[in-house]
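Results of the structural survey
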Amino acid sequence: GDPLAGVIIPRDSIVRLEGAGWVYLMNKAEGGEAFTRKKIPLDRPTEGGWFVPGMFKVDDYIVVTGAQTLLSEELKAALSPD
């Protein structure tokens with residue numbers, strides 16, 4: 001087929017939740033850093049991870065270590081009362 005532009009996301013960068021694959025993007029925020037979880041398709045496995053076409057820009061920072069810790073903290077914060 002035609003070539004696709006995309007990135008290979010390392011396996012350790014991917015967390016699974018509710019039957020889907022997710023990665024965390026680091027956002028530069030005032031006063032520190034913030035993270036956003038983004039759903040990705042897991043239909044193109046490669047030897048080094050998963051190929052994801054057309055979803056990311058060249059200046060996106062994808063979390064490559066500690067993604068599971070971020071997910072745990074996100075879910076813990078959602079469960080704790082304010």
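Per chain, residues are indexed from 1 in the order of the written sequence. In keeping with the predicted nature of the model, local features appear solely for residues at pLDDT of at least 70, side-chain atom pairs appear and are counted solely at 80 or more, and the whole-chain, interface and lining totals rest on all residues. Calculation of side-chain values draws on the structure's entire complement of heavy atoms; hydrogens and water are dropped beforehand.

Focus: the sheet that holds strand β1 (residues 6–10)
Pairs of strands are assigned from DSSP output, requiring at least two bridges between the strands. Secondary structure elements follow DSSP: runs of H or I of four or more residues count as helices, runs of E of two or more count as strands, with numbering from the N terminus. Taken together, the 3 strands give an open sheet; going across it, the order is β1-β6-β5, and neighbouring strands pair in antiparallel fashion. Strands at the two margins of the open sheet, each flanked by one partner only, are β1 and β5 (45–46). The pairing of β5 with strand β6 (residues 49–53) spans 2 bridges and is classified as antiparallel. Bridging from a neighbouring strand, Pro 45 pairs with Trp 50 of β6.

What about unusual backbone geometry?
A positive phi angle, close to 55°, is found at Glu 18, a residue other than glycine. By the secondary structure assignment, Glu 18 is in the loop between β2 (15–17) and β3 (20–29).

Comments concerning the pattern of salt bridges
Criterion for a salt bridge: a side-chain nitrogen of Lys or Arg within 4 Å of a carboxyl oxygen of Asp or Glu. The final tally for this structure, using the stated rule, is 2 salt bridges. A salt bridge links Arg 37 to Glu 74, with the shortest nitrogen-to-oxygen separation between them at 2.8 Å. Of the two residues, Arg 37 is situated in strand β4 (residues 32–40) and Glu 74 in helix α1 (residues 67–79); the sequence distance between them amounts to 37 residues. Relative accessibility under 20% of the residue-type maximum defines a buried residue, over 50% an exposed one, and the middle range a partly exposed one, all with a 1.4 Å probe and only protein chains included. Among the residues examined, Glu 74 registers a relative accessible area of 29% and is labelled partly exposed.

Digging into the confidence of the model for the chain
pLDDT gives the predictor's per-residue confidence on a scale running from 0 to 100. On average, the chain scores 90 in pLDDT, and the residues at 70 or more come to 94%. For the chain, per-element mean pLDDT is lowest for β4, which scores 89, and highest for β5, which scores 96.

Regarding the packing of aromatic side chains
Between the rings of Phe, Tyr and Trp (Trp by its six-membered ring), a pair exists once the centres lie within 6.5 Å; its type follows the angle of the planes, with under 30 degrees stacked, over 60 edge-to-face, and the other angles tilted. Inspection of the entire model under this criterion finds 0 aromatic pairs. Across from the ring centre of Trp 22, 4.3 Å away, lies the NZ or CZ of Arg 37, which sits over that ring. Throughout this description, the term charge over a ring refers to an Arg CZ or Lys NZ atom that lies within 6 Å of the ring centre and within 35 degrees of the ring normal. The ring of Phe 56 has Lys 38 sitting right over it, with the charged end atom 4.9 Å from the ring centre.

Focus on the environment of Leu 71
Tracing the backbone through its elements, the reader meets Leu 71 in helix α1. The buried category is assigned to Leu 71, whose relative accessible area is 3%. When the C-alpha atoms of Leu 71 and Tyr 24 are compared, they prove to be 8.7 Å apart, with 47 residues separating the residues in sequence. Residue contacts are defined here by distance: any two heavy atoms, one from each residue, within 4.5 Å place the two residues in contact. Aside from chain neighbours lying at most four places away, what touches Leu 71 is Val 15, Arg 16, Leu 17, Tyr 24 and Arg 37.

A look at the side chain of Ser 13
By the element assignment, Ser 13 lies in the loop between β1 and β2. What qualifies as a polar contact is a pair of N or O atoms within 3.5 Å, subject to a donor-acceptor requirement within protein and to the restriction that residues adjacent in sequence count only when both atoms come from side chains. Polar side-chain contacts of Ser 13 include one of 3.0 Å to the backbone oxygen of Val 63. In contact with Ser 13, other than residues within four places in its own chain, are Trp 22, Val 23, Ile 62, Val 63, Val 64 and Ala 67.

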